[in-house]
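Commentary on secondary and tertiary structure
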Amino acid sequence: MKPHHLAAICIVLLTAAPTAHATPNPRQWTATPAPAGRSTPRPDDRTSFELEGDPGTVFQDKLSVINPGDTARSLDVRADGSWVSLAARRVKIPARTRADVPFAVAVPVTAAPGDHPGALVVSGEGRRVRVPLAVRVTGAALPALAVEHVRVSREGGGAVIHYALVNRGNTALSPRLDIRADGLFGTVLRRTATGVPSRLPPGRSVRLAERWTDAPRLDSVRVRLTATAPGGARATASGSYTPLPWLLPALGGLAAALVAAALLFVRRSRRARRAGAAA
C-alpha cells in the first residue's frame, strides 16, 4: 500500500478505544507503540519501534496516545525522520481514552544498509514524549570509526585531552577508547577513556574531553588515542603536549651543547695522542 493511500485511510482509523488502564497521575497523558491486537496496553508491551527490512520496504504501524484524565486533550504529533509519513499531525483524545495514530515508514531504494534512528514525538500541555523509532536496512554492515580533532591543553595543575569520535559506517557501534601518552623517559599515561557513549549511531559525531589530573609538568608528551568497536572497527589519532613551550628548545639546546662538548673532547684526545706519539 502506498503511503498517500495509507494517509487517506488513517484519518478514518483515528477512532479512540476505551481503556481501563490508569496511570499513577490521572492528569498525565502518555505515548507508546500501539499494543498488538489488544485494546489496552500491558507492562510487557514494546516501548519503541524496531523495524527491519530491505531498501524499498514500506512499514506500517501505529502510535498510541493515552488520555487517562477526565477532560479531552489535543496534542501535536511529529516525526523525527524523513522516511515517516503520519496520518495526522494533531490528535484529539477524549477523556479516559486511547487514540491510535497510524503511520508509514517508506525506506528509499537507495538507503544504505545499517541502522537509521528516528522517533515519533508527541507534545502538548508543556510536556513532550519521544518514542524511539529505529529502522535497520538489511545488507552488508560496514562498521567504521574515526578519531578526530585531538588536542591536549593545560588546565590548572593538569591537562585535558579533547577529541571527537565519529561513526563513519552504516551500523550503530559500541565504541571503546584507549589513551596512551609517552614522554621523553617512557609511558606517563595508559587508561580507558570515560564518558564514551555506549551507542553511537551511524553518521553521528560526539566531542569529548578526558581530564588528566596528574599530567607531567616537565616533559614533552605524545598522546595516542585508539578507538575500537565490536565488528572490527578501529581508528587511531594522536596529539602532542608540552606544558612548558620553552622546554623543547631548551632540551634541543642542551643536546646540541652535549654533542659539541663530546666532539671537542674527542678532538683534544686525538691531538694529545698525536703529540705523545711525536715526542
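One can find the structure itself at the top, above this paragraph.
Overview of the structure. Owing to the predicted nature of the structure, the values given are computational and were not obtained by experimental measurement.

**So, the overall build of the protein**
- Broken down by element type, the protein carries 2 helices and 17 strands.
- The proportion of buried residues among the 279 residues of the protein is 39%.
- Only carbon and sulfur atoms are counted for the fraction: they give 54% of the accessible area of the protein, which is about 15,800 Å².

**A closer look at the sheet that holds strand β10 (residues 127-137)**
- An order of β3-β10-β9-β5-β7 is seen for the 5 strands of this open sheet, with the pairing classed as mixed. Two strands bound the open sheet, and with one partner strand each, they are β3 (49-53) and β7 (90-93). Each strand of the sheet is rotated relative to its neighbour by a mean of 25 degrees, with strand direction disregarded.
- Pairing analysis gives 5 bridges linking strand β5 (residues 73-80) to strand β9 (residues 114-124), with the strands arranged antiparallel. The residue of β9 that forms the bridge with Arg-78 is Val-121.

**Comments concerning the environment of Asp-54**
- Examined against the element boundaries, Asp-54 turns out to sit in the loop between β3 and β4 (58-67).
- With residues up to four places along the chain from it excluded, the contact list for Asp-54 reads Val-107, Val-137 and Thr-138.
- A distance of 2.3 Å separates a polar atom in the side chain of Asp-54 from a polar atom in the side chain of Thr-138.

**What to know about the sheet that holds strand β12 (residues 158-167)**
- Strand order in the open sheet formed by 3 strands is β11-β12-β15, with antiparallel pairing between adjacent strands. Each end of this open sheet is capped by a strand with a single partner; those strands are β11 (145-155) and β15 (205-212). Averaged over all adjacent pairs, the angle separating strand axes in this sheet is 20 degrees, with direction ignored.

**Observations regarding the environment of Pro-68**
- By the secondary structure assignment, Pro-68 is in the loop between β4 and β5.
- What makes Pro-68 buried here is its relative accessible area of 12%.
- C-alpha separation for the pair Pro-68 and Arg-96, spaced 28 residues apart in sequence, amounts to 4.3 Å.

**Digging into the pattern of salt bridges**
- Considering all chains together, one arrives at 12 salt bridges under this definition.
- Where Asp-70 meets Arg-96, a salt bridge forms, and the shortest distance between an N and an O atom there is 3.0 Å. A residue pair is termed long-range when its members are at least 10 positions apart, and Asp-70 in the loop between β4 and β5 and Arg-96 in the loop between β7 and β8 (97-106) qualify at 26 residues.
- For Asp-70, a relative accessible area of 66% translates into the label exposed.

Rules and cut-offs
- Residues numbered from 1 in each chain as written.
- Predicted model: local features only at pLDDT ≥ 70, side-chain atom pairs only at ≥ 80, totals over all residues.
- Heavy atoms only, no water.
- Helix = DSSP H or I, 4+ residues; strand = E, 2+ residues; numbered from the N terminus.
- Buried < 20%, exposed > 50% of the residue type's maximum accessible area, 1.4 Å probe, protein only.
- Areas by Shrake-Rupley, 256 points an atom, 1.4 Å probe, with all protein chains shown as cover.
- Pairing = 2+ DSSP bridges.
- Axes fitted to C-alpha atoms, helices over the stretch in contact; angles between N-to-C directions.
- Contact = heavy atoms within 4.5 Å.
- Polar contact = N/O pair within 3.5 Å; in protein donor to acceptor, adjacent residues only side chain to side chain.
- Salt bridge = Lys/Arg side-chain N within 4 Å of Asp/Glu carboxyl O.

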